[in-house]
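A closer look at the structure
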Amino acid sequence: MSDAAMPLTDREKAFLKELARLSVDAAARGRPGPDPRSMSAVAGTPLDGALGEYRGAFVTLHLDGDLRGCIGHITSDHPLAVTVADCARSAAVRDPRFAPVSPDELAFLDLEISVLTPLRPVAGPAAIELGRHGILLDHGGRQAVFLPQVPGEQGWDLETTLDQLARKAGLDSGAWRAEARFHVFEAEVF
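First, a word on what this report is: a plain description of the structure on this page. Remember, it's a predicted structure, so these values are computed and weren't measured experimentally.

Our focus in this paragraph is the overall build of the protein. When helices and strands are counted, the protein shows five helices and eight strands. Shown N-terminal to C-terminal, the secondary structure of the protein runs as helices and strands in the order α-α-β-β-α-β-β-β-β-α-α-β-β. With respect to the three principal axes, the spread of C-alpha positions in the protein is 50 × 35 × 25 Å. Taken across its 190 residues, the protein has 48% of its residues classed as buried. When the accessible surface of the protein is split by element, carbon and sulfur atoms take 50% of a total near 9400 Å². Seen as two clouds, the 19 positive and the 27 negative side-chain charges of the protein have centres 4 Å apart.

What follows is about the layout of surface pockets. If a probe as big as a water molecule is rolled over the atoms, it shows which places are left empty. The calculated volume of the largest pocket comes to roughly 520 Å³. Around the largest pocket, the lining is made up of 22 residues, and of these Leu67, Cys70, Arg97, Val150 and Lys168 lie nearest the centre. Secondary-structure elements contributing two or more residues to the lining of the largest pocket are strand E1 (57–63), strand E2 (66–73), strand E6 (142–146), helix H4 (150–154) and helix H5 (158–168). No other element matches the four residues that E2 contributes to the lining of the largest pocket.

As a further point, take the state of the cysteines. Tallied over the full model, the rule gives zero disulfides. Between cysteine 70, a cysteine without a disulfide, and cysteine 87, which holds the nearest cysteine sulfur, the sulfur-to-sulfur distance is 8.7 Å. Residue cysteine 87 is classed as buried on the basis of its relative accessible area of 0%.

What follows deals with the nonpolar core. In this structure, Leu8, Leu16, Val24, Val59, Leu61, Val84 and Ile113 are the most contacted members of the largest nonpolar core, which totals 31 residues. Put simply, the parts of the chain that give this core at least two residues each are helix H1 (10–28), E1, helix H3 (80–93) and strand E3 (109–116). With eight residues, the top contributor of residues to this core is H3. Setting aside residues no more than four positions away along its own chain, leucine 8 makes contact with Lys13, Leu16, Ala50, Leu51, Leu80, Val115, Glu188 and Phe190. Ranked by size, the runner-up nonpolar core spans 25 residues in total, among them Cys70, Val122, Ile128 and Ala169.

Once that is clear, we can look at the side chain of threonine 60. By secondary structure assignment, the location of threonine 60 is in strand E1. Judged by relative accessible area, which is 5%, threonine 60 ranks as buried.

Once that is clear, we can look at the sheet that holds E6. Sheets are built from strands that pair by backbone hydrogen bonding, the pairs being arranged parallel or antiparallel. The strand order across the open sheet formed by four strands is E4-E7-E5-E6, and the pairing between neighbours is antiparallel. Both outer strands of the open sheet, strand E4 (120–122) and E6, are each paired with one neighbouring strand and no more. Going across the sheet, the axis of each strand differs from the next one's by a mean of 25 degrees, ignoring polarity. Here E4 runs beside strand E7 (residues 181–185); their pairing, made up of three bridges, is antiparallel. Directly across from valine 122, in E7, lies its bridge partner phenylalanine 182. Its contacts with the sheet place H5 against strand E5 (134–139), E6 and E7, and it is angled at close to 130 degrees to E6.

Counting along an α-helix, one turn takes 3.6 residues, and residues three or four places apart therefore face a common direction. For H1, built from 19 residues, the straight-helix expectation of 27 Å at 1.5 Å per residue is met to within 8% by its first-to-last C-alpha distance of 27 Å. Among the residues making up H1, those that are buried are Glu12, Phe15, Leu16, Leu19, Ala20, Ser23, Val24, Ala26, Ala27 and Ala28. On the buried face of H1, the contacting elements are helix H2 (36–43), E1, H3 and E3.

The rules behind these values
- Residues numbered from 1 in each chain as written.
- Predicted model: local features only at pLDDT ≥ 70, side-chain atom pairs only at ≥ 80, totals over all residues.
- Heavy atoms only, no water.
- Helix = DSSP H or I, 4+ residues; strand = E, 2+ residues; numbered from the N terminus.
- Buried < 20%, exposed > 50% of the residue type's maximum accessible area, 1.4 Å probe, protein only.
- Areas by Shrake-Rupley, 256 points an atom, 1.4 Å probe, with all protein chains shown as cover.
- Lys, Arg positive; Asp, Glu negative; His and termini not counted.
- Charge placed at Lys NZ, Arg CZ, Asp CG, Glu CD.
- 1 Å grid on protein atoms, 1.4 Å probe; cavity = no way out; pocket = protein on both sides within 12 Å on 5 of 7 lines; lining within 4 Å.
- Points joined across faces, edges and corners; volume = space filled by probe spheres on them.
- Disulfide = S-S within 2.5 Å.
- Core = buried A, V, L, I, M, F, W, Y, C linked by side-chain atoms within 4.5 Å.
- Contact = heavy atoms within 4.5 Å.
- Pairing = 2+ DSSP bridges.
- Axes fitted to C-alpha atoms, helices over the stretch in contact; angles between N-to-C directions.
- Expected span 1.5 Å × (residues − 1).

The structure is reproduced here in structure tokens:
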């Protein structure tokens, strides 16, 4: 990860995974989720350091290897732990591509958290490193984002990735070739 963000310790990662798991469970059961601040006090994992940074994050859910929900924020106005709890709940019940997760599915879900570094602009596609950089495409007021792991999971090269990103933004495939702006970020995925 970049020096622009504090790396997470194993303890902080374990805390975030438990927080996300409990948030998904509560959302699927129609219950209020855990309060990250109270949970951190009980766990003895204070919301300072990396957990207190105002950083973007995504929570991705898979069921039998297939995407089941993914919601995130590129940036956040809340401490990382609060952002992860919110993203986990939203991935479970607010991803418009999927029906809400049911309680019957909970035992079979795989959960992945991506904690992001701050966005930084790049001059163009030549500055993008697939597998390392997440990409934000901005073109004519339309935006779309891929996490760093998406191109590799799909087997895409850079051109295919940018074509797919343009389509995700509601643009024609090659629209990224002219007048597009790019920002990149890195992610600590666990």
